[in-house]
Amino acid sequence: MPVTVVGSIAFDSVRTPFGERERMLGGAAVHFALAASFFDEVHVVGPVGDDFGEAELDVLRRRNIDTSGIERVADGKTFFWRAEYGWDLNNRETLETALGVFERFEPTLSAKARASDVVFLANIQPDLQRRVRAQCLDTRFAALDTMNLWIDTARPSLVKAINEVDCVIINDAELRQLADRPSLVGAAREVLSWSTTPGRAVVAKLGEYGAALITRDGYFSIPAFPLETVVDPTGAGDSFAGGFIGYVAAQRHKHLTPTLLRRAMAYGTAIASFNVEEFGTDRVARLRMDEVDERVTDLRRMTAFA
Ligand code: AMP
């Protein structure tokens, strides 16, 4: 089933203990789309400025991602983000965020993007997420990501946006903040209790400790793939989401069973682990599906329990 993603398309400047890069291709929608492209047709929607070139678009096109929903704003500047990581790669400091063309972004989806069965609302202002969700009337599965900024500044809209999707994918600390509950499972169940729609799920991203899937009556967690070297964690959450949701989309119209969601978690985990091995999109841009499958097999072996 086709997937539409709406979110940031960015230039990222990142410093980690292993080096630094200036103005790499990044953004939540880009990391998500590259990961999801292993499974199904992907439509990316978001704005860029006239500083965004063909070389950047080619990274997406080479993975057969539909870039016709990327809106180029004349005289505008592409979203820019600068961050630094210390030895604890689970913590980063954002040094600069320049919204650029995102400041006036009003998403209008093409008929093709609107018709997708699966929609991912990457981390953007929740009212924008809601306006996108409202355009996708045929969607069978919608998910969103968010961040502390929106919990602090737009909470009522964010709660409404959450209640309009099937799945929330969020960092553990932000989940606790959102629900105002100290326990991860308690916080997830609190968020699930805000809507009575059946089959909803919360995925808590736990950084180098993996991810947990919480439903009203179920729990599953998977460790991150054990890597000895992590070069740049940027985009790990979005490539996890892309792998997870891409796998769900590729199951076509099958019922979303707990087993299927667990497998989706393994695919998200595997792709995220490749993402962090190199700066920016470098590793995932040349990743092959057989490498992903091999890592999923390794994860299955590592987590098997008699
Ligand atoms: P992640 O590491 O998965 O949290 O995603 C990092 C990506 O999110 C980077 O490529 C950034 O360009 C993008 N990003 C950072 N801050 C924001 C923001 N406030 N809104 C949208 N995207 C952002």
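Here is a short report on the structure shown in this document. (Residues numbered from 1 in each chain as written. Predicted model: local features only at pLDDT ≥ 70, side-chain atom pairs only at ≥ 80, totals over all residues. Heavy atoms only, no water.)

### Things to note about helix H8 (residues 184–192)
Burial in H8 covers these residues: Leu184, Gly186, Ala187, Ala188, Val191 and Leu192. Its buried side turned inward, H8 meets helix H6 (155–163), helix H7 (172–179), strand S11 (201–205) and strand S12 (211–214). (Buried < 20%, exposed > 50% of the residue type's maximum accessible area, 1.4 Å probe, protein only. Helix = DSSP H or I, 4+ residues; strand = E, 2+ residues; numbered from the N terminus. Contact = heavy atoms within 4.5 Å.)

### Some points on the packing of helix H10 (residues 258–275) against helix H12 (residues 289–303)
Taken N-terminus to C-terminus, the directions of H10 and H12 make an angle of 115°; their axes are 9 Å apart at the nearest point. You can see that H10 and H12 cross each other, and the crossing is right-handed. Contact residues: Arg263, Ala266, Tyr267, Thr269, Ala270, Ile271, Ser273 and Phe274 in H10; Met289, Glu291, Val292, Asp293, Arg295, Val296, Leu299 and Arg300 in H12. A breakdown of the residues in the contact of H10 with H12 according to their chemical character gives nine nonpolar, two polar and five charged. (Axes fitted to C-alpha atoms, helices over the stretch in contact; angles between N-to-C directions. Left-handed = near helix turned anticlockwise from the far one by under 90°. Nonpolar A, V, L, I, M, F, W, Y, C, P; charged D, E, K, R; others polar.)

### Side note on the environment of Thr146
Its place among the elements puts Thr146 in the loop between strand S9 (141–144) and helix H5 (148–153). Among the residues examined, Thr146 registers a relative accessible area of 2% and is labelled buried. In this structure, the C-alpha to C-alpha distance between Thr146 and Thr257, residues 111 residues apart in sequence, is 25 Å. If sequence neighbours within four positions are ignored, Thr146 has contacts with Asn123, Leu158, Ile169, Ile170 and Glu174.

### Regarding the side chain of Thr234
Within the secondary structure, Thr234 sits in the loop between strand S13 (219–222) and helix H9 (236–250). Engagement of the side chain of Thr234 in a polar contact is seen with the side chain of Tyr85, the distance being 2.8 Å. A distance of 2.7 Å separates a polar atom in the side chain of Thr234 from a polar atom in the side chain of Asp232. Residue contacts for Thr234: discarding those within four places in its chain leaves Asp12, Val14, His31, Trp81, Tyr85, Arg92 and Asn275. (Polar contact = N/O pair within 3.5 Å; in protein donor to acceptor, adjacent residues only side chain to side chain.)

### Comments concerning the site of the ligand
Near the ligand lie 17 residues; those nearest to it are Ser8, Asp12, Gly27, Gly235 and Asp238. Note that an oxygen atom of the ligand is positioned 2.7 Å from one of the backbone N or O atoms of Gly235. Here an oxygen atom of the ligand sits 2.8 Å away from a polar atom, N or O, in the side chain of Asp238. Surface burial for the ligand is 87%, taken as the share of its 510 Å² of free accessible area covered by protein chains. Those elements that place two or more of their residues in the shell around the ligand are strand S2 (10–16), helix H1 (28–36), strand S6 (79–85) and H9. Among the elements that take part in the shell around the ligand, H9 stands out by supplying three residues, more than any other. (Near = heavy atom within 4 Å. Areas by Shrake-Rupley, 256 points an atom, 1.4 Å probe, with all protein chains shown as cover.)

### Digging into the pattern of salt bridges
Under the criterion given, the structure shown has 20 salt bridges. A salt bridge links Asp51 to Arg23, with the shortest nitrogen-to-oxygen separation between them at 3.3 Å. Here Asp51, found in the loop between strand S4 (42–49) and helix H2 (54–61), pairs with Arg23, found in strand S3 (residues 19–26); they are 28 residues apart in sequence, far enough to count as distant. On the accessibility criterion, Asp51 (27% relative accessible area) is partly exposed. (Salt bridge = Lys/Arg side-chain N within 4 Å of Asp/Glu carboxyl O.)

### What about the side chain of Ser157?
Structurally, Ser157 can be placed in helix H6. Given a relative accessible area of 15%, Ser157 falls into the buried group. Among the polar contacts made by the side chain of Ser157, one reaches the side chain of Asp127 at a distance of 3.0 Å. When sequence neighbours within four positions are dropped, the list of residues in contact with Ser157 reads Pro126, Asp127 and Arg130.

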